[in-house]
Amino acid sequence: QVQLVESGGGLVQAGGSLRLSCAASGSIFSTYAMGWYRQAPGKEREFVAVISGSGGTKYYGDSVKGRFTISRDNAKNTVSLQMNSLKPEDTAVYYCAGDREYLAYRRPKGFDYWGQGTQVTVSS
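Here the structure is a predicted model, which means the values were calculated and not measured.

(A) Region of interest: unusual backbone geometry. With phi around 55 degrees, Asn-77 is a residue other than glycine that occupies positive phi space. Its location among the elements puts Asn-77 in the loop between β7 (68-73) and β8 (78-83). The backbone phi angle of Ser-85 is positive, close to 50 degrees, even though this residue is not glycine. As for its placement among the helices and strands, Ser-85 is situated in the loop between β8 and β9 (92-99). On the basis of relative accessibility, which here comes to 41%, the residue Ser-85 falls in the partly exposed class.

The following block contains the structure:
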């Protein structure tokens with residue numbers, strides 16, 4: 001199992017940047033693919049990005065391609081999401097997630113392990 005704790009959310013103006021971090025504990029971090037999801041009020045959870053255990057493979061949701069970058073530091077057991085050119089529609093609770101399978105993002109339920117979420121609010 002793996003435990004996940006997100007940090008770095010907050011309020012930012014449109015066009016600005018924010019960096020989210022997720023600290024993992026409880027298992028061999030490098031064996032887990034890590035991802036980010038988000039959920040806005042009244043909307044379904046949305047896949048944002050995933051990174052493989054080695055960090056060599058990444059995939060992004062269409063709505064964030066070219067603006068967001070996922071990265072990881074296996075020595076520190078952390079995964080980050082750099083968010084640039086933020087838009088009001090990026091406002092959501094962002095969740096860090098982990099799974100042994102990289103393609104877990106294709107499952108209806110998504111990843112096996114989840115953090116508690118961090119709020120990101122983008123003002124216009």
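(B) Main features of the pairing of strand β1 (residues 3-7). Every second residue of β1 is oriented toward a common face, the buried set being Leu-4 and Glu-6 and the non-buried set Gln-3, Val-5 and Ser-7. The pairing of β1 with strand β3 (residues 18-25) spans five bridges and is antiparallel. Bridge pairing in β3 places Val-5 opposite Ala-23.

(C) Up close: the state of the cysteines. Within the structure shown, the criterion is met by one disulfide. A sulfur-sulfur separation of 2.1 Å characterises the disulfide bridge that pairs Cys-22 with Cys-96. On the S-S bond that ties Cys-22 to Cys-96, the torsion sits near -80 degrees, and the link is left-handed. With a gap of 74 residues between them, Cys-22 in strand β3 and Cys-96 in strand β9 connect regions that are remote in the sequence. One exposure class covers both Cys-22 and Cys-96, and it is buried.

(D) The environment of Ser-63, seen in detail. Counting through the fold element by element, Ser-63 comes out in the loop between β6 (58-60) and β7. Between the alpha carbons of Ser-63 and Phe-47 there is a distance of 9.5 Å; along the sequence they are 16 residues apart. Non-local contacts of Ser-63, meaning those with residues more than four positions away in its chain, are made with Arg-38 and Glu-46. At a separation of 3.2 Å, a polar atom in the side chain of Ser-63 contacts the side chain of Arg-38.

(E) Seen up close, the nonpolar core. By size, the foremost hydrophobic cluster in this structure holds 28 residues, and its most contacted members are Met-34, Trp-36, Val-79, Leu-81, Met-83 and Tyr-94. For this core, the elements supplying multiple residues, two or more each, are β3, β4 (33-39), β5 (46-51), β7, β8, β9 and β11 (118-123). Looking at this core, the element that brings in the most residues is β3, giving four residues.

Thresholds, definitions, all that
Residues numbered from 1 in each chain as written. Predicted model: local features only at pLDDT ≥ 70, side-chain atom pairs only at ≥ 80, totals over all residues. Heavy atoms only, no water. Helix = DSSP H or I, 4+ residues; strand = E, 2+ residues; numbered from the N terminus. Buried < 20%, exposed > 50% of the residue type's maximum accessible area, 1.4 Å probe, protein only. Pairing = 2+ DSSP bridges. Disulfide = S-S within 2.5 Å. Contact = heavy atoms within 4.5 Å. Polar contact = N/O pair within 3.5 Å; in protein donor to acceptor, adjacent residues only side chain to side chain. Core = buried A, V, L, I, M, F, W, Y, C linked by side-chain atoms within 4.5 Å.

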